[in-house]
Amino acid sequence: MLTFATYFYVMRKILSLILLLALVGQASAQLQSPEQFLGYKIGTRYTPHWKIVSYFQHVAANAPKTVKLQQYGQTNEGRPLMVAFISSEENMNNLEAIRANNLRLANLSRDKAAPNENAAPIVWLSYNVHGNETSSSEAALMTVWALVDPANTKIKEWLKNTVVVMDPCINPDGRDRYVNWFNSVVGVKATPRMDTREHRDPWPGGRSNHYNFDLNRDWAWQTQVESQQRLKLYNQWMPQIHVDYHEQGINEPYYFAPAAEPYHEIITQWQRDFQTTIGKSHAKYFDANGWLYFTKLRFDLFYPSYGDTYPTYNGAIGMTYEQGGGPAGGATALTEEGDTLTLYDRAIHHFTTGMSTIEIASINASKLITEYRKFFNRAVSGGFGEYKTYIIKNNPKDADRLQALLQLLEKNGIEYGTATGNGKGYNYFTAKEESFSVANGDVVVSAFQPRSAMVQALLEPKSKLSDSATYDITAWSLPYAYGLQAFATKDRINPTAYQKPAAVVNTTGDVYAYVIKWEGLQSAKTTGQLLQKGITLRYSEVPFEVNGQKFDRGSVIVMKTSNQAFGADLWKHVVDAANANNVKLYPVTTGFVDNGGDFGSDLVTPFKMKRVVLLTGEGVSSLGAGEIWHFFDKQLEYPVSLVYANDFSRIDWAKTDVIIMPDGNYRFMSDKSSTDELKEWVSKGGKVIALESAVAAFARLDWGLKSKKAEGDNSKDPYQALASYENRERDFVSTMTPGSIYKVQLDNTHPLAFGYPEYYYTLKMDDNIYEFMNGNGWNVGVLKKENQLAGFVGSKLQNRLKDGLLFGAQNIGRGSVIYLTDDIMFRNFWENGKLMLCNAVFF
Ligand SMILES: [Zn+2]
């Protein structure tokens, strides 16, 4: 029988046992595996971004001594961007010191104290840059768990001398676009049948970010918020190894380093060799599992704005890993070989290469640091590349684009200054060695700096290809992309500090009119803002001189006439808009000009707000449409209405002044009644702006534009037919231009070329070229002979790409059609093309 004392004794024992059990239970519940946390095994379903964030937060909260989470920004749609730092407790306690030391190793620190060369290398793993290549973020969940799993003692050893940085999802908006769509179309059981809808990611696909941009082409240009915020953090860390995770077609075996040719010539032997070291480590694990893989093919190291090349040009071992899968992979897919490829298979492969990368970094920690240090010592003491100094001239008319270039250099941590003197070097404009002078205010970039390799990659006039079969464009030299006069010299010039011009401050006064010079994007932005307020503007079709001041064609004039509704506030609107955009206003006291057309003459044309429709959706290039959407929305800040091209019949013509047709394949263009309707609207005053392949669609109509006929094959060598099978890729290359730079002759007396000199550097990515228009249109931008400046052009194309039209304007009734054959908005980094689109819209 129980006494009360015994009862209390037993009860106390039971209670403390319950408490103990609860504590034990809590301890094991504290740090959970992804499966425990999410309630399903990784790879059995797609994890939406918010759950990925939650799991990383869970890990950081429950392993605070070895994991630190940092949010570095957010996406256009408001999703968080974050990285996790993972290492040993000791390293985590010294994380800031490790970062500071790493910048000293790269000669990037203001602190000139000698760095500790016995440091831990930093391995940065970036997942899911292409949103519909989804398995890698699932792999990230497996990887972070493996790194913190208490049972995993081997990994604890690696983390003693290695710091891992994980970005579980570079492109959350794209990932969720795909995942939310997939989850909405899949049934209880996913099907491997490849013709089912769950294997058909709908337009624009989850690959890109919110504005349809490919973030894996944006590392150097940083036109997108994701890249801008990430690169800021990346450049504060400068890892020794960077991995960019991708997926490719479902029938492709896994791809890992070493990369394919061409390599850019500035890539060092060490960087080449270590790619092989890593590849062999991965191969060991893949061999053991019987998994198929390939190396040294397809994925080259050349174009500088990728997740592998950008880190490489910044001293790291930069690599792309590609798993067969997204976007067509769904959750399970039937391959050509008859195997079923599941999301789990895809994730476990990415997991394996990730762990192998960390392992190999740990094994080679000291060599990684020594070679990294050598890379940056060479950069500051010898400079990469044959040119040692770049001079970019500061012409007053180019001020806008020069400022934009300086911003780009700053975003990439590239130092610049100015200098005075004379020299001899390569003139980008004439493509010849010439003498030049440098004046105060010109921008001087020296090759002797930590980011020397990046300087060469971005500025050298012609990048040398070790092989022509590349994956991307072969020319991007910034002076061409920004339309700036420049020289490259083999002599060293040491720049002095650069003085940026002071901000423009305009004040209101008692004037007859204000004039805005048409010199760049900032002028266009100011103009667009005034139009949006309902202000009527005028532009001069001819140069003019008034009050002793000279103005070029396209100068915008604001007058009280036609703007009486604004009363005394008019000038305040004008001054505010100009000041906000750093644009100088020229006050004028009379409309009686000394030269040119008086403000009341018909050489000065009034214009108002234009309502712009951008065609988008199925058939339209999502990248092409995205470039224009992003430009209007985020750069010009001018309203644009996005309409599905397949809704052509629903367009409200009465509310449309301008239709922009990006690169695309338009169904309505092969329907006579639709094109008649379009022509009718144009003839009543509408304007079409057609770009790239949309121009080709107009050339197939009888409106007047004609494609230049293909040249007959002149060589009568019968043996030419005997193409070698082995050379099939090479033969294809001879008929293409993967993106090279041509000098276009401009008629800058036409409004489409207002604000430009007599030439424009275009990025030619196809062989489209048109016959000169006779009498029925204006040949505003033409290719003459021998105008190719940089990049690769296939031998069979060189003849075709001359003596033809690239940019033209055709009047139809009271309206017009503008033809822009090349992508003047390319990835929104082709800075010099933006004004042409503004010309096309406003004038
Ligand atoms: Zn990819």
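Refer to the structure printed above.
Residues numbered from 1 in each chain as written. Predicted model: local features only at pLDDT ≥ 70, side-chain atom pairs only at ≥ 80, totals over all residues. Heavy atoms only, no water.

Novice: When you look at the overall build of the protein in this model, what are you seeing that I'm missing?
Specialist: Of regular secondary structure, the protein possesses 23 helices and 34 strands. Considering only C-alpha atoms, the protein reaches an extent of 115 × 80 × 65 Å along its principal axes. The proportion of buried residues among the 843 residues of the protein is 58%. By sequence separation, contacts in the protein at least 24 residues apart represent 78% of the contacts at least 6 residues apart. Working note: accessible area of the protein is about 34,700 Å², and carbon and sulfur atoms make up 51% of it. If you average the places of the 85 positive and of the 88 negative side-chain charges in the protein, the two averages end up 3 Å apart. (Helix = DSSP H or I, 4+ residues; strand = E, 2+ residues; numbered from the N terminus. Buried < 20%, exposed > 50% of the residue type's maximum accessible area, 1.4 Å probe, protein only. Contact = heavy atoms within 4.5 Å. Areas by Shrake-Rupley, 256 points an atom, 1.4 Å probe, with all protein chains shown as cover. Lys, Arg positive; Asp, Glu negative; His and termini not counted. Charge placed at Lys NZ, Arg CZ, Asp CG, Glu CD.)

Novice: Honestly, empty space enclosed by the protein in this entry has me stumped. Any pointers?
Specialist: Any empty space left between atoms is shown by rolling a water-sized probe over those atoms. Applying the stated rule across the entire model yields one cavity of 30 Å³ or more. Of the pockets and cavities examined, the largest cavity occupies roughly 30 Å³. In this structure, the largest cavity is lined by Glu692, Leu763, Met765, Asp766, Thr821, Asp822 and Asp823. Broken down by class, the residue content of the lining of the largest cavity amounts to two nonpolar, one polar and four charged. (1 Å grid on protein atoms, 1.4 Å probe; cavity = no way out; pocket = protein on both sides within 12 Å on 5 of 7 lines; lining within 4 Å. Points joined across faces, edges and corners; volume = space filled by probe spheres on them. Nonpolar A, V, L, I, M, F, W, Y, C, P; charged D, E, K, R; others polar.)

Novice: I tried to follow the sheet that holds strand 23 (residues 585-588) on my own but got confused; where do I start?
Specialist: The pairing of strands in a sheet comes from backbone hydrogen bonds and takes either a parallel or an antiparallel form. Read from one edge of the open sheet, five strands run 23-18-22-19-24, paired in antiparallel fashion. The open sheet has two edge strands, strand 23 and strand 24 (604-607), and neither has a second partner. Averaged over neighbouring strand pairs, the angle between their axes works out to 30 degrees when direction is ignored. Bridging between strand 19 (residues 537-540) and strand 24 involves four bridges; their strand directions are antiparallel. Within the sheet, the bridge partner assigned to Tyr539 lies in strand 24 and is Thr605. (Pairing = 2+ DSSP bridges. Axes fitted to C-alpha atoms, helices over the stretch in contact; angles between N-to-C directions.)

Novice: Before we go on, may I ask you to explain the pairing of strand 2 (residues 80-86) in this structure?
Specialist: Remember that side chains alternate between the two faces of the sheet whenever the strand is regular. Within strand 2, six of the seven residues are buried, which leaves the element mostly enclosed by the surrounding structure. Linking two consecutive strands that pair antiparallel, namely strand 1 (residues 67-74) and strand 2, is a turn of five residues; a positive phi of about 90 degrees is found at Gly78 within it. With three bridges connecting them, strand 2 and strand 4 (residues 163-167) associate as antiparallel partners. If you follow Phe85 over to strand 4, its bridge partner there is Val165.

Novice: Honestly, the sheet that holds strand 17 (residues 486-489) in this entry has me stumped. Any pointers?
Specialist: One open sheet holds the five strands; their spatial order is 15-14-17-13-16, and the pairing between them is antiparallel. In the strand order of this sheet, the two ends are held by strand 15 (432-438) and strand 16 (443-446), each with one partner. Strand-to-strand twist of the sheet, defined as the mean angle between neighbouring strand axes without regard to direction, takes the value 35 degrees. Relative to strand 17, strand 13 (residues 389-392) is paired through four bridges, and the arrangement is antiparallel. Across the sheet, Ile392 pairs through a bridge with Ala486, a residue of strand 17. Lying on the sheet, helix 15 (residues 452-459) is in contact with strand 13 and strand 16; it crosses strand 13 at an angle near 50 degrees.

Novice: Can you walk me through the coordination of the zinc ion in this structure?
Specialist: Four donors placed tetrahedrally about a metal ideally form angles of 109.5 degrees, and six donors placed octahedrally ideally form angles of 90 or 180 degrees. Surrounding the zinc ion are the protein donor atoms His130 (ND1), Glu133 (OE), Glu133 (OE) and His246 (ND1), at 2.0 to 2.6 Å. Angles of 54 to 157 degrees at the metal separate the four donor atoms of the zinc ion, which places the site in the irregular class. Linear spacing of the donor residues for the zinc ion on their chain is H-x2-E-x112-H. Of this pair, Glu133 sits in the loop between strand 3 (122-126) and helix 6 (135-148) while His246 sits in strand 5 (residues 241-248); the two residues are 113 residues apart in sequence, bridging distant segments of the chain. With respect to class, Glu133 is no different from His246; both count as buried. (Donors = N, O, S within 2.8 Å, 3.2 Å for Na, K, Ca; no water. Tetrahedral: all angles 85-135°; square planar, octahedral: opposite > 155°, others 65-115°.)

Nothing here speaks to function; it is geometry throughout.
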